[in-house]
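Here is how the chains run, residue by residue.
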Amino acid sequence: MAIRRQIVALVQLLANIQTVVMADYSSVEEPSSSCNSLAVVPYDESNVILVPFQKKTRDFLFVEKRLIIKQNWRDGGVAAVVWDAAVVLSEFLESHKQLVLEKKVIELGAGTGLVGMVASLLGGYVEITDREMALKTLKYNVGENFKHPTHDVDSPTVLELEWGKSLETFSRNYDLILGADIIYLKETFPDLLKTLAHLSGCKTKVLLSCKIRYDRDVNFLQMLKNDFIVHQIFHDKERDIVIYEASRKC
């Protein structure tokens, strides 16, 4: 029981850390330096609270495959570490394989790429996307974890996608759109909504995994309801992560 209490306490600590880190990120203006524009929260090796995110790698087991995820907090900031929302969404997909199998899938704001890689292992035809500055770590993770492709698993494709821009280069009518912790920055909401609308068809499902921290997060969901039907389909109470499903009003 003592070990279980320690594990629960650690999970709660990590959840609190994420809330603080994301709060800092969303309240600070993006720096001008292109090489470190996602590293808004300072990298500090002496800060024990941030130790899990300063680890060079994290190991996960999904679909009977070990995934080794490189993290790069120093250069990539919040986009280059694995947050609980990505883990919870990956677990949800693994337990609902029919959502992904032989489906055309795109992940937005992929960060380290965990969710998109799990979707590929589950039989989806997956495009993993993020901003240009996040692609180095993303491409590395995909390359390392799909070194040896098999006949029944297609390696995901990594593509640059900045929300609201050059959307004509992306197909419409994906079967499934995935996003883990992508609705915390208010300034991005209009472009994210525009992107979701462009990529969605009448049969598209959107799954958003997130921790609702502030009123602005709820406001995004209300904005999404203008063009989409939105409802909560899962809540991981221990990690306080909620998954919402959205579909276009057609």
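All values derive from a computational prediction rather than experimental measurement.

How each quantity is defined
- Along each chain, residue indices are assigned from 1 in the same order as the chain's sequence is written.
- Only residues with pLDDT of at least 70 get local features here, since the model is predicted, and only at 80 or more are side-chain atom pairs given and counted; chain-wide, interface and lining totals rely on the full set of residues.
- The side-chain numbers reported here are obtained from all heavy atoms of the structure, hydrogens and water having been left aside.
- In DSSP terms, a helix is any run of H or I states spanning at least four residues, a strand is any run of E spanning at least two, and both are numbered starting from the N terminus.
- Counting rule for disulfides: a pair of cysteine sulfur atoms within 2.5 Å.
- The buried label goes to any residue with under 20% of its type's maximum accessible area, the exposed label to any with over 50%, and the partly exposed label to all in between, with areas taken from a 1.4 Å probe on protein chains only.
- A contact between two residues is defined here by any heavy atoms of the two lying within 4.5 Å.
- Two strands pair if DSSP finds at least two bridges between them.
- Axis definition: a line fitted to C-alpha atoms, over the contacting stretch in the case of helices. Angles run 0 to 180 degrees between N-to-C directions.
- Charged residues are defined narrowly, with Lys and Arg counted positive, Asp and Glu counted negative, and His plus the chain ends left uncounted.
- Take a side-chain nitrogen of Lys or Arg and a carboxyl oxygen of Asp or Glu: if they are within 4 Å of each other, that pair is a salt bridge.
- Helix span is expected to be 1.5 Å times the residue number reduced by one.
- Side-chain atoms within 4.5 Å link the members of a nonpolar core, which is a set of buried Ala, Val, Leu, Ile, Met, Phe, Trp, Tyr and Cys residues.

A. Quick look at unusual backbone geometry. For Ser166, which is not a glycine, the phi torsion comes out positive at approximately 50°. Here Ser166 lies in the loop between strand S5 (157-160) and strand S6 (176-180). Residue Asp181 is not a glycine yet carries a positive backbone phi of 55°. Turning to its location among the elements, Asp181 is positioned in the loop between S6 and helix H7 (189-199).

B. Region of interest: the state of the cysteines. This structure, assessed with the given rule, holds 1 disulfide. Between the sulfur atoms of Cys202 and its disulfide mate Cys250 the distance is 2.2 Å. Classification of the bridge connecting Cys202 and Cys250 rests on its S-S torsion, roughly -105°, and on that basis the disulfide is left-handed. Of this pair, Cys202 sits in the loop between H7 and strand S7 (205-210) while Cys250 sits in the segment after strand S9 (241-248), placing them 48 residues apart in sequence.

C. Just the environment of Val142, in detail. Among the structural elements, Val142 can be located in helix H6 (residues 135-145). Among the residues examined, Val142 registers a relative accessible area of 5% and is labelled buried. Separated by 72 residues in sequence, Val142 and Lys70 have C-alpha atoms that sit 9.9 Å apart. When near neighbours in sequence (up to four residues on either side) are disregarded, Val142 contacts Met117, Ile128, Ser155, Pro156 and Val158.

D. Region of interest: the sheet that holds S6. Ordered in space as S5-S4-S3-S6-S7-S9-S8, the 7 strands form an open sheet in which the pairing is mixed. At either margin of the open sheet sits one strand with a lone partner, and together these are S5 and strand S8 (228-236). Adjacent strand axes in the sheet meet at a mean angle of 20° when their direction is disregarded. Contacts between H7 and the sheet are confined to strand S3 (104-108), S6, S7, S8 and S9, with S3 contributing the most and set at about 175° to the helix.

E. A look at the side chain of Glu107. Mapped onto the elements of the fold, Glu107 is located in strand S3. In this structure Glu107 is buried but unpaired, with Arg213 as the nearest side chain of opposite charge at 14 Å. In this structure, Glu107 is in contact with Gly113, Val115, Gly116, Glu127, Ile128, Thr129 and Leu178, ignoring residues within four places of it in sequence.

F. Spotlight on the pattern of salt bridges. What the rule picks out here adds up to 7 salt bridges. Measuring nitrogen to oxygen at the nearest pair gives 2.7 Å for the salt bridge that ties Arg239 to Glu91. Here Glu91 lies in helix H4 (residues 84-95) and Arg239 lies in the loop between S8 and S9, a separation of 148 residues in the sequence. For Arg239, a relative accessible area of 16% corresponds to the buried category. Among the ionic pairs, Glu144 bridges to Lys147, the shortest N-O distance being 3.2 Å. Take Glu144: its relative accessible area is 36%, and that puts it in the partly exposed class.

G. Highlighting the environment of Ser166. The exposure class of Ser166 is partly exposed, given its relative accessible area of 45%. Each C-alpha atom, one on Ser166 and one on Thr195, is 9.8 Å from the other, the two residues being 29 residues apart in sequence.

H. Molecular detail of H4. Compared with the 16 Å implied by 1.5 Å per residue over 12 residues, the 17 Å span of H4 between its first and last C-alpha is a close match. Burial analysis of H4 places 9 of its 12 residues in the buried class, the great majority of the element. Of all the residues in H4, the buried ones are Asp84, Ala85, Ala86, Val87, Val88, Leu89, Ser90, Phe92 and Leu93.

I. Summary view of the nonpolar core. In this structure, Leu89, Leu93, Val100, Leu114, Leu178 and Leu207 are the most contacted members of the largest nonpolar core, which totals 37 residues. For this core, the secondary-structure elements that each account for two or more residues are strand S1 (57-62), strand S2 (65-70), H4, helix H5 (114-121), strand S4 (125-130), H6, S6 and S9. With 7 residues, the single largest contributor to this core is H4. For Leu89, the residues in contact, after removing those within four places along its chain, are Val115, Leu178, Gly179, Ala180, Leu207, Ser209 and Ile243.

Purely geometric numbers; function is a separate question.
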